[in-house]
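The residues making up each chain are set out below.
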2 protein chains.
Amino acid sequence: MTTAKYDVLGIGNAIFDILVRTDDAFLTRHGMAKGSMALIDEAQAAAIYSAMGPATEVSGGSAANTITGVAAFGARAAYVGKVKDDQIGRMYSHDIRAANVTFTTPVATDGPATGCSYILVTPDGERTMNTYLGAAQNLRPADIDPEQIAAASITYLEGYLWDPADAKNAFVKASKIAHDAGRTVALTLSDAFCVHRYRDEFLDLMRGATVDLVFANEAELLSLYQSTDVDAALAQLRKDAAFAVVTRSEKGCVVVTKDKITAVPAFPIEKVVDTTGAGDLFAAGFLFGLVRGASHEQAGRLGALAAAEIIQHIGARPQVSLKELAQKHGLPV
Amino acid sequence: MTTAKYDVLGIGNAIFDILVRTDDAFLTRHGMAKGSMALIDEAQAAAIYSAMGPATEVSGGSAANTITGVAAFGARAAYVGKVKDDQIGRMYSHDIRAANVTFTTPVATDGPATGCSYILVTPDGERTMNTYLGAAQNLRPADIDPEQIAAASITYLEGYLWDPADAKNAFVKASKIAHDAGRTVALTLSDAFCVHRYRDEFLDLMRGATVDLVFANEAELLSLYQSTDVDAALAQLRKDAAFAVVTRSEKGCVVVTKDKITAVPAFPIEKVVDTTGAGDLFAAGFLFGLVRGASHEQAGRLGALAAAEIIQHIGARPQVSLKELAQKHGLPV
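Residues numbered from 1 in each chain as written. Chains lettered and ligands numbered in written order. Predicted model: local features only at pLDDT ≥ 70, side-chain atom pairs only at ≥ 80, totals over all residues.

Explain the sheet that holds strand 10 (residues 184–188) of chain A to me, using residue names and the numbers behind them.
All names here are of chain A. Taking strand neighbours across the sheet as the criterion, the nine strands line up as 6-5-1-9-10-11-12-13-14 in an open arrangement whose pairing is mixed. Taken across any chain shown, the strands that pair with only one partner, and hence form the sheet edges, are strand 6 (101–103) and strand 14 (261–264). Strand-to-strand, the axes of this sheet are offset by a mean angle of 20°, without reference to chain direction. Sheet topology note: the strand 5 (residues 77–80)/strand 6 ladder contains three bridges and is parallel. Note that in strand 6 the partner of Tyr79 across the bridge is Phe103. Contacting strand 1 (6–11), strand 5, strand 6, strand 9 (152–158) and strand 10, helix 3 (residues 62–72) runs over the sheet at an angle of about 165° to strand 1. Lying on the sheet, helix 4 (residues 87–98) is in contact with strand 5 and strand 6; it crosses strand 6 at an angle near 140°. (Pairing = 2+ DSSP bridges. Helix = DSSP H or I, 4+ residues; strand = E, 2+ residues; numbered from the N terminus. Axes fitted to C-alpha atoms, helices over the stretch in contact; angles between N-to-C directions. Contact = placed C-beta atoms within 7 Å.)

Requested: an account of the interface of chain B and chain A, with residues and values cited.
In this assembly, 22 residues from chain B lie in contact with 22 residues from chain A. Every element with two or more residues in the side of chain B that touches chain A is listed here: strand 4 (56–59) and helix 4 (87–98) of chain B. In terms of residue count, the dominant contributor to the side of chain B that touches chain A is helix 4 of chain B (six residues). Of the residues that constitute the side of chain B that touches chain A, the class distribution is nine nonpolar, eight polar and five charged. (Nonpolar A, V, L, I, M, F, W, Y, C, P; charged D, E, K, R; others polar.)

Requested: an account of the pairing of strand 10 of chain A, with residues and values cited.
Residue and element names in this part refer to chain A. Summarising burial for strand 10: four of the five residues are buried, a large majority. Note that strand 9 and strand 10 share five bridges and pair parallel. Looking at strand 10, one finds that Tyr156 is bridged to Ala186. In terms of strand pairing, strand 10 meets strand 11 (residues 213–217) through three bridges, oriented parallel. Across the sheet, residue Ala186 finds its bridge partner in strand 11, namely Leu213. In this region the chain leaves strand 10, passes through helix 7 (residues 192–207) and returns to the parallel neighbour strand 11; the handedness of that crossover is right-handed. (Buried ≥ 20, exposed ≤ 12 C-beta atoms within 10 Å, placed from the backbone. Right-handed = clockwise from strand over helix to strand, strands pointing away.)

Any details on the environment of Gln226 of chain A? Residues and values, ideally.
For Gln226 of chain A, the position within the fold is in the loop between helix 8 (218–224) and helix 9 (230–240). Distance in space between the C-alpha atoms of Gln226 of chain A and Lys84 of chain A is 37 Å, their sequence separation being 142 residues.

Let's hear about the pairing of strand 9 (residues 152–158) of chain B: which residues, and what values?
All names here are of chain B. Of all seven residues making up strand 9, seven are buried, and the element is well covered by its neighbours. Looking at chain direction, strand 1 (residues 6–11) and strand 9 are connected through five bridges and run parallel. Looking at the pairing, Leu9 lines up with Thr155 of strand 9.

Structure below.
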C-alpha cells in the first residue's frame, strides 16, 4: 500500500442549498415530513420555491459538507460529484475548491441544471429538505478516477447516491478500487426515508463488506432494522457492521465494534440555529480523528465539536477553522 | 394627490451578494479600501472570486435591501432594478418578491449577467464590497413606470445609480414624476467614494430640490463637503438639504431640518457580525417611521432597530419580522 495522497475522499450528490426560515405550518401545508429529505422534480421545485420566503444560499451536499469539514480540520481532502456548467455550478465548484478540497469531476455541459435542495428551517432549528437532483443524477462510473480513489486513505460515500440511477454503480466501483488498494470505505446511511427505499441493498453493502465503517443516526438505524428499539437495533448493527457510529443528537454518539462500545457525549451549545449538516460534520470530525489515529472517544469528540459548530449557524459548511476550534478544546489535530 | 398604493418605492442597482469572511490582510493584499464599495469589471470579479474563500449568498443591492426592510415592517413596498434572466437573477427576483415587495421591472434577456458584489467581511464585522454591475448597468428611463412612481408616497433612490450610464436618467425621470404627483423623493449618498465621484451632481440634486430627503453616513457627509469636521459639514448639509439624516454607527444618528436637530442613539448590540446593509436598513426603519407619521425621534429609533437586526447576521436582508421586533420594543408600527 502506497502512502495516501488524500486523507479522505468523498463521493456524493453535489447539491446547492437554498435555505429559508419558516414555521411548522409551512411543512404541514406542503405535506413535508419534518427532518427528512424528499426528492422532488423540477415542477415540484418550482412550486415549493415560489411558496418559500427569501432565502440564503450556501453550497451543500452531504458528502461534500463532510469533506469540507475534513479539510477545515487541516486534512487532505478530495470530492467527487456532478454539477453543471451553470452559475450555480460555478459557485458550487468555487466553494468546494476554496475550502481546500481537490475537486476534478468533469462538469456537465448539457442536461439538467446543477442540483438544488430547498431547505426549510423551523424555529426549533430542524431542517426539512426537498432535493432536486439535477445534474447530480448524471454521476457515472466513468467519473470515478481509479488513481484518485486508490490514493485516499478513506473513501466516504453517502447513501443518497442510491437515488440517481448510475451513481450506485459509481459507488460500487469506487469501493472495489479502494479495497483493492488496501483502503477503508465508509458509508453514511443519509436519511431514514432513504434507508427505507434501499434497506436491503444497504444491508448487503454492510454484510458483504462493500463498506467497512457505517455512520447512522438513530432514525436511520431504526429504519434499517424496522425497529422502535434502539438497543435491539444497535445489537443487530454490531452483527452486520464491523465498525459503526450512531449519532444521537444532543445525547452524543455511540461507536460500536465487535469488541467494544464507546459512548461519547455531545458538545453543549447555547442555541440550535439550523441542524443542516449536523450528521455530515459529525462524520467529518470522526473521520479526521480516525486518519490521525485518535481513539474512538477522541474521534467522537472531534465529530461532536464539528457538529456543534455547524448547527449554530445557517448552512452546512464550516464557518471557522475546525483545526483551531479543536486546538482550543484540547483535542488532537 | 391620490391615495398612495405604495408607502415606499426604491430604485437601485440589483446586486446579488457573495459574502465571505476574511482577514484584514486579504484587503491589504488586494488593495481594497476597507468599508468601501469599489466597482470592478468581469476580469477583476473573476480574480477576486478565485482568491476568496467559500461564500454565502444572499440577495442584496442597497435600495433593494432598504425596500425589503420597509416591507418587513409591514408597509407596502415596490422595487425597480435590473437583473438578467439567469439563475442568479431568478433567485434575486424570488427573494425580493418573497419579501412582499412588488417587483415588475422587465428582466434583461441578453447582455451581461445579473450583477454581483463580492463582499469581504473582516473579523470586526466591517464589510468591503467589490461590485460587478452586470445587468444593473442596463436600467434605463424606459424601466420607470410613471404610474407606479406616482403611486408611491416616497420614492427612494441610491447614489450608486450614478455609476451606470443610463440609470441617472431613470433617477431624474422618477424624481420628476414623483414631484409632479406631490410625492417625496429621498436619496442615500451610498458610499464615500461614490460621493467623491459625483460630488457636484449630488449637491445639485440637493440644492435644486430634485431630492427632498438625504441619507448619509459620516464618511459620506465628510466626502460631500471635502471636510474633516463633522459639525461644520452638518451645518453645510442643513443649508443644502431641507431634510437629512446622518448615521454615525454606534453613536446613532442625527436628523436635521432647517429648524431642528434631533440626535437618536443606536441600539446596543452584543456582537457585530456583518455590517453589510446597516445603512440600508437604517433607512428602511426611518422611511417606515415617516410614512406612519412618527416623530423624527421615533423614526430614528425604528431605523436604529432595523440596523441593529441586520448587523447581527450575515447578509443585508432582514431575517425576522421587523414589525414584530418593533412591537417588542414598544415602537410604533
